[in-house]
Amino acid sequence: MKQKFFMLGLIGLTSFSSNAQFWDISEPKRLPGSVNTITGEESIPVFSKDSSILYFVRTFDPSAAGGEYDQDIWFSKREKDGSYGEGKRVVELNNKYNNAVIGLNKAGTAMYLLDAYDGKKDQVKGIAVSMNKNGKWEKPTRIDIPTLDIEGSYYGFHVNEKEDVIIISYAGPGTLGQEDLYVSTKTNGVWSSPVHMGNSLNSSGFEISPFLSKNQDTLYFSSNGHGGYGDADIFYSVKNGSWTNWSTPKNLGAKINSPKFDAYFTHSGNQLYWSSNRDGERSDIYLAYVLTPPPVEIACKGTNVTVFNGNDGKVDATPNGGVPPYTFKWSNGATSEDIAGEMKGEYTITITDAIGQTATCKSLITEPLAPQDLAMKHFFDYNADKLTVSSGELKNFAEQIKSQLNNGRSNLTINVYSSASRVPTRTFGSNEKLAKSRANRIKEELDQYFENEGMKSKVSVNIVSTIVQGPKYDKDFEDQQKYREFQYIELKTE
């Protein structure tokens, strides 16, 4: 196993998303600049609020005050090209013992440190804090955490930027394996005794190098007890309410983790930093970028209802971009990508991708206007019973029906009302026969027309009545106005 350093404590600068899931990251590379060395071992990156200063630990440096195996605090300033230049020791905070930065408060005025400042090699292990005054770090003072009793050489800390939560990795009460994660919180200026953070986080192996996201809902840590790619992998877990209730840890993946030792994860903006010995025996600080995911988009196109009050409308949705898999939610409650069997109306779909990006689209489904019933009335001359769909008013009547059927009306009935006056007819023998002839001829004409148009199954021609009516004939047939209004064929649809 790669050497485990004595502590980790980092202040979260930004968090990526509430669920802390990365969409994708760039290929890792050693931190550009001169922070990493060939002979030394660099680890535990900690950044100032604006990332202009990187604090880190260097070990195996023969020039260290405590010799080659001493652990000192160094810092490097960011260059214009984004790299970090030549490192320098933080002289006032290094001594012959193991020194390391635990974290910085939000203002950058307080630096939390591994407590190695009482002058004894086997001092009580814990945390100290140094305040910055006129650009210099003052002598650290110890922070009291009740009942904290660390045995052995391996332990670590994390302090949040609000300075009211400390996460500790050590072999403490109820430890399941080599090192577990514990939490201490501050209320009214007093720190609580450490509490075991639960069996979801902790395993029979070791859990070390905790780092809490800025919004305090996601914990990153390194472990060899949850499976993975190598000696120790970096995982994350999401807080489910209390500090002792966490989701099942998830591995950050093969780009972050290697077959060797990976730990001491932190991030600054869209940049990820961690320590790894993937390319040698001694660790370096590595860098990767969180790649910006493409925005999720959704297009939708509606198909209108074909008949009045029908329910055969549909909307086809087409997702694009984002990070699959997608989930869909329609304004009518449907959760499929497309919807069908809908009535007229406005439908809205909301798409959510795997990292929580959303987009919406609205589509309007229309329907044909409510069909209007049609009517016509034709007046005949004496003894006439013929009317054709090839011209005139009957043609217009039939074509209106055809148009309605083509635009969604499913079927209709044409009711026929036929009338003859009381003027005698030699041609038909009786006025009753004339009225019936007029009705039958119209029915035949319309039946043939709609059969020719392929609509016979949709149109029913129904003879409702054939009547003789009007004033008694007074041998005055020349008075056409007197009898003509009773010589007609009337058609009505329903």
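All of the points below concern the structure found in this document. (Residues numbered from 1 in each chain as written. Predicted model: local features only at pLDDT ≥ 70, side-chain atom pairs only at ≥ 80, totals over all residues. Heavy atoms only, no water.)

**Quick notes on helix α2 (residues 431-452)**
Short version of the rule: Only DSSP runs of H or I covering at least 4 residues are called helices, and only runs of E covering at least 2 are called strands; the numbering of each starts at the N terminus. The span one expects for a helix is its residue count, reduced by one, times 1.5 Å. Exposed residues in this analysis have more than 50% of their type's maximum accessible area, buried residues have under 20%, and partly exposed residues fall in between, with area computed by a 1.4 Å probe over protein chains only.
Helix length check: α2, at 22 residues, gives a terminal C-alpha distance of 32 Å against a target of 32 Å (1.5 Å per residue), a fit within 8%. Of the positions making up α2, those classed as buried are Asn431, Leu434, Ala435, Ser437, Arg438, Ala439, Ile442, Leu446, Asp447, Tyr449 and Phe450. Of the residues one or two after α2, Gly454 is the one with positive phi, at around 75 degrees.

**Here we look at the state of the cysteines**
Note the cut-off: Two cysteine sulfur atoms make up a disulfide if the distance between them is within 2.5 Å.
This model, assessed by the stated rule, comprises 1 disulfide. The disulfide partner of Cys300 is Cys361, and the gap between their sulfur atoms is 2.1 Å. Between Cys300 and Cys361, the S-S torsion sits near -85 degrees, and that sign places the bridge as left-handed. Of this pair, Cys300 sits in strand β23 (residues 296-303) while Cys361 sits in strand β28 (residues 358-365), placing them 61 residues apart in sequence.

**Details of the environment of Phe308**
In this structure, Phe308 sits in the loop between β23 and β24 (313-321). Placed 63 residues apart in sequence, Phe308 and Pro371 show a C-alpha to C-alpha distance of 7.5 Å.

**Remarks on the sheet that holds strand β1 (residues 29-30)**
Short version of the rule: The rule for pairing is simple: two strands pair if DSSP sees at least two bridges between them.
The 4 strands are arranged β1-β22-β21-β20 in an open sheet whose pairing can be described as antiparallel. Across the chains shown, the open sheet's two edge strands, defined by having one partner strand only, are β1 and β20 (262-268). In this sheet, strand β22 (residues 284-289) lies alongside strand β21 (residues 271-276) in antiparallel orientation, the contact comprising 6 bridges. Paired with Gln271 across the bridge in β22 is Tyr289.

**Focus: the pattern of salt bridges**
Defined as follows: Whenever a carboxyl oxygen of Asp or Glu lies within 4 Å of a side-chain nitrogen of Lys or Arg, that contact is scored as a salt bridge.
Overall, the coordinates contain 18 salt bridges when judged by the stated rule. Salt-bridge contacts for Asp115 lead to Arg142; the nearest nitrogen and oxygen are separated by 2.5 Å. Of the two residues, Asp115 is situated in the loop between β7 (110-114) and β8 (127-133) and Arg142 in strand β10 (residues 141-143); the sequence distance between them amounts to 27 residues. The exposure class of Asp115 is buried, given its relative accessible area of 7%. On the basis of relative accessible area, Arg142 is assigned to the partly exposed category, the value being 43%. Note that Asp476 is salt-bridged to Lys482, the shortest N-O span being 3.0 Å.

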